Each structure stands twice: as C-alpha cells, then as structure tokens.
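Below are the chains, spelled out letter by letter.
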Amino acid sequence: MAIYREKDIFERRNAASDAKKALLERFKQRPAEDDPRVLARKAEREAILAARAEREAEKARLKQEKLAREAAERAEAERIAAEQARIREAEEAERIAAELALEAERKAKRDARYAARKARGGRMPPGFTVR
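Residues numbered from 1 in each chain as written. Predicted model: local features only at pLDDT ≥ 70, side-chain atom pairs only at ≥ 80, totals over all residues. Heavy atoms only, no water.

The name given to the protein chain in an unreviewed UniProt entry is 5'-3' exonuclease, with the source organism recorded as Aquamicrobium terrae.

**Brief notes about the overall build of the protein chain**
A count of helices and strands for the protein chain gives 2 helices and 0 strands. Relative to the compact-globule value of 14 Å for 131 residues, the protein chain shows a C-alpha radius of gyration of 50 Å, a clear excess of over 25%. With the C-alpha coordinates of the protein chain rotated into their principal frame, the extents come out at 140 × 50 × 25 Å. Residue burial in the protein chain is summarised as follows: out of 131 residues, 2% are buried. Surface accessibility of the protein chain: about 12700 Å² in total, with carbon and sulfur atoms responsible for 57%. (Helix = DSSP H or I, 4+ residues; strand = E, 2+ residues; numbered from the N terminus. Rg over C-alpha atoms; globule rule 2.2 N^0.38 Å. Buried < 20%, exposed > 50% of the residue type's maximum accessible area, 1.4 Å probe, protein only. Areas by Shrake-Rupley, 256 points an atom, 1.4 Å probe, with all protein chains shown as cover.)

**Things to note about the UniProt feature "coiled-coil region" (unreviewed entry) in the protein chain**
UniProt feature "coiled-coil region" (unreviewed entry): in the numbering of this structure it lies at residues 43-110. Secondary structure over residues 43-110 splits into 100% helix and 0% strand, and the C-alpha atoms at its two ends are 99 Å apart. (UniProt positions renumbered as here; feature names shortened; annotations may be inferred.)

**Examining the layout of surface pockets**
There is about 190 Å³ of room inside the largest pocket. Taken together, Arg30, Pro31, Ala32, Glu33, Arg37, Val38, Arg41, Lys42 and Arg45 make up the lining of the largest pocket. Residues that form the lining of the largest pocket fall into these classes: 3 nonpolar, no polar and 6 charged. (1 Å grid on protein atoms, 1.4 Å probe; cavity = no way out; pocket = protein on both sides within 12 Å on 5 of 7 lines; lining within 4 Å. Points joined across faces, edges and corners; volume = space filled by probe spheres on them. Nonpolar A, V, L, I, M, F, W, Y, C, P; charged D, E, K, R; others polar.)

Here is the structure:
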C-alpha cells in the first residue's frame, strides 16, 4: 500500500506560482489583434453573423407572408360562410312563406267546406242553430 504524503506549504506555493507563470505565458503567446489569423477568424465570425441575420430576416418575411395568406384565407372562408348563411336564411324564409301559404290555402278550403255545409243545411251538431 502506498503511503500518502501531504504537500507542505512551500510545495503548494511553488505549484501556484508555476501555474500563474504558465497562465501568463499562454496569455503572452496569444496572437495580436493585427495578426492575419485573428483577422481571418474575425472576418469569418462576421460573415457567419451576417448570414444568420439574413436567414432570420428571410424567416421573418416568410412568416409574415404566411400570416397574411392565412388571414386572407380566413377572411374568404368567413365571407363564404356568411354568404351560405344568408342563402340558408333566404331558403328558410321561402320555405316558411310557402308553408304559411299552403296552410292559408288549406284553411280557406276548410272554411269553404264548412260554409257549403252550413248553406245546404247539412249535418249539424245537435243543439246548433243557424242565425
């Protein structure tokens, strides 16, 4: 079994100092802002952002066109539904008028039969007198 040895304060301080030096070296090794590789990466990022903005604008335009098309279709459907409702109401009114006319004709025939019966002195209910 291996023996675990704890680092003392000096070793920890040296390790922290070495880590800071390594970090500083990595920072110093970074290319400058005018380096061609940095400029190329920056131009590439800008091109990507421009393409993304263009795609988003196209997507928004297509969405607006779709919404406008759906609104026009909805308006057309509502217009057709209103026209069909008006036609149904007109047909219902015609049907009711025809039914009322038929009922009035039946009543007139019935009244004529009753009047003819009365005039003939035909069958009368008992106790019914003609005035």
